[in-house]
Amino acid sequence: MELKEAVAVLDGLAAPSLAESWDNVGLLLQPYTQREVKTVFLTNDLSEDVMAEAVEQKADLILSYHPPLFRPFKRITTGWKDRIIACCLEKGIAVYSPHTAYDTLKGGVNDWLLKAFDVQGVTPLQQKDVSPPYSHQVEANSAHVPAAEDFVQKVTQEFGERVSVVSNGGKCVKVLCGEQALPTIVNLANRTPEPPKLVVTKLEKVPLFEHGAGRRAGLRESITIQEAISRVKTHLGLPHIRVAVAQGSKLDSQVKTVAVCAGSGASVLRGAAADLWLTGEMSHHEVLDAAHNGTTVILVDHSNSERGFLKEELQPTLHQLFAGKVNVLISQQDRDPLQVL
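In this text, all values refer to a predicted model and were calculated from it rather than measured experimentally. (Residues numbered from 1 in each chain as written. Predicted model: local features only at pLDDT ≥ 70, side-chain atom pairs only at ≥ 80, totals over all residues. Heavy atoms only, no water.)

What about helix α6 (residues 145-159)?
So the rule is basically this: Think of it this way: any DSSP run of H or I at least four residues long counts as a helix, any run of E at least two long counts as a strand, and we number them from the N terminus. Residue count minus one, scaled by 1.5 Å, sets the expected span of a helix. Residues count as neighbours in contact if any of their non-hydrogen atoms are within 4.5 Å of one another.
Between its terminal C-alpha atoms α6 stretches 21 Å, which fits the 21 Å expected from 15 residues at 1.5 Å a residue. Against the buried residues of α6 lie β6 (136-141), β7 (164-167), β8 (172-177) and α7 (182-190). Positive phi shows up at G160, right after α6, with a value of about 60°.

Here it is, written out as structure tokens:
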């Protein structure tokens, strides 16, 4: 499979437009020497140990959940990230990162994190909005059908597929377009024998229902804080996690609602009404605030809240999407840099 085909498959799974505006997602590194993609290598973080493993496994494309290229580089010299970039370029290995596109996606990382519990009524904590493909709508109302058809013909001849013309064969025509096309469309309308009346509307962002940052859900049956701890450990395969029990609660207190955010979740979870918050990391004072406001907090360390998604959800999904044309491997060296000893 050519690289552009593999990237199209990945973009089709989670469009880069789903990512947060501050993020850096999609194809981040494309080697000058093109080669077919036979092996895709999945990792949460692209460390030097993982890079060596990817070379050993003859990876052609590395999917690194966290973008290894995030801040601008002014030079590539001897730093550890520099060495990884240089190795990818030397070996002809492309790098793709989805990051918050997978967090926002329905069925993505946050929905996987919720699988620690038996939940119902799942909603994003922050609804995802995206810009529509066109910035403006021009509604043209003509006195007669032939005049409307004349306007449609002029617009179609001028712009072709660069605009979208919606006409039901009546007197009203709607043209979806970019801002730069507006003066020309108005001019075309004025040049028709019977100029239509125009109404120009700026299109706002479109909500993507069920997509967004974080998740909040109710439990089908209430459980104790102790049971919630056990479920999280089992789901994530962790022997130890950190817990801040809510002020006035005990380990046998009941949990009826949960909110989750993979990675660093304080900014997304802030204000979320739930008995329990589950995330990777929060600051000391953010944990104190939550506990004193009646919410128990479970911290599992940043990448531990994300890594399991790659193996349990992403790898089998990509096997199916690539239809056997590409081998999908997952790193055995990738791990959270923090350990409890």
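Resuming the write-up.
Concerning the side chain of D23
Under the convention used in this document: Accessible area is worked out with a 1.4 Å probe on protein chains only. A residue is then buried under 20% of its type maximum, exposed over 50%, and partly exposed in between. Residues scored as positive are Lys and Arg, those scored as negative are Asp and Glu, and His as well as the terminal groups of each chain are ignored. Here, a salt bridge means any side-chain nitrogen of Lys or Arg that lies within 4 Å of a carboxyl oxygen of Asp or Glu. Definition of a polar contact: a pair of N or O atoms within 3.5 Å, with one able to donate and the other able to accept a hydrogen when the atoms are protein atoms, and with sequence-neighbouring residues admitted only if both atoms are side-chain atoms.
Mapping D23 onto the fold places it in the loop between α1 (3-13) and β1 (26-29). For the buried D23, no salt bridge exists, and the shortest N-O distance to an oppositely charged side chain is 9.1 Å, to K128. A polar contact of 2.9 Å, which involves the side chain of D23, links it to the side chain of H99. Those residues within four positions of D23 in sequence are excluded, and the remaining contacts are P67, F70, H99 and T100.

Side note on the sheet that holds β8
Our working rule: For two strands to pair, DSSP has to find at least two bridges joining them. In this analysis, axes come from line fits to C-alpha atoms, helices being fitted only over the stretch in contact, and the angle between any two N-to-C directions falls in the range 0 to 180 degrees.
Read across the open sheet, the four strands follow the order β7-β8-β6-β9; overall the sheet is antiparallel. In this open sheet, the two edge strands, each paired with only one partner strand, are β7 and β9 (197-202). Strand-to-strand twist in this sheet, taken as the mean axis angle between neighbours without regard to direction, amounts to 20°. On the sheet, α6 packs against β6, β7 and β8 and is oriented at approximately 20° with respect to β8.

Remember, this is a structural readout, not a statement about activity or role.
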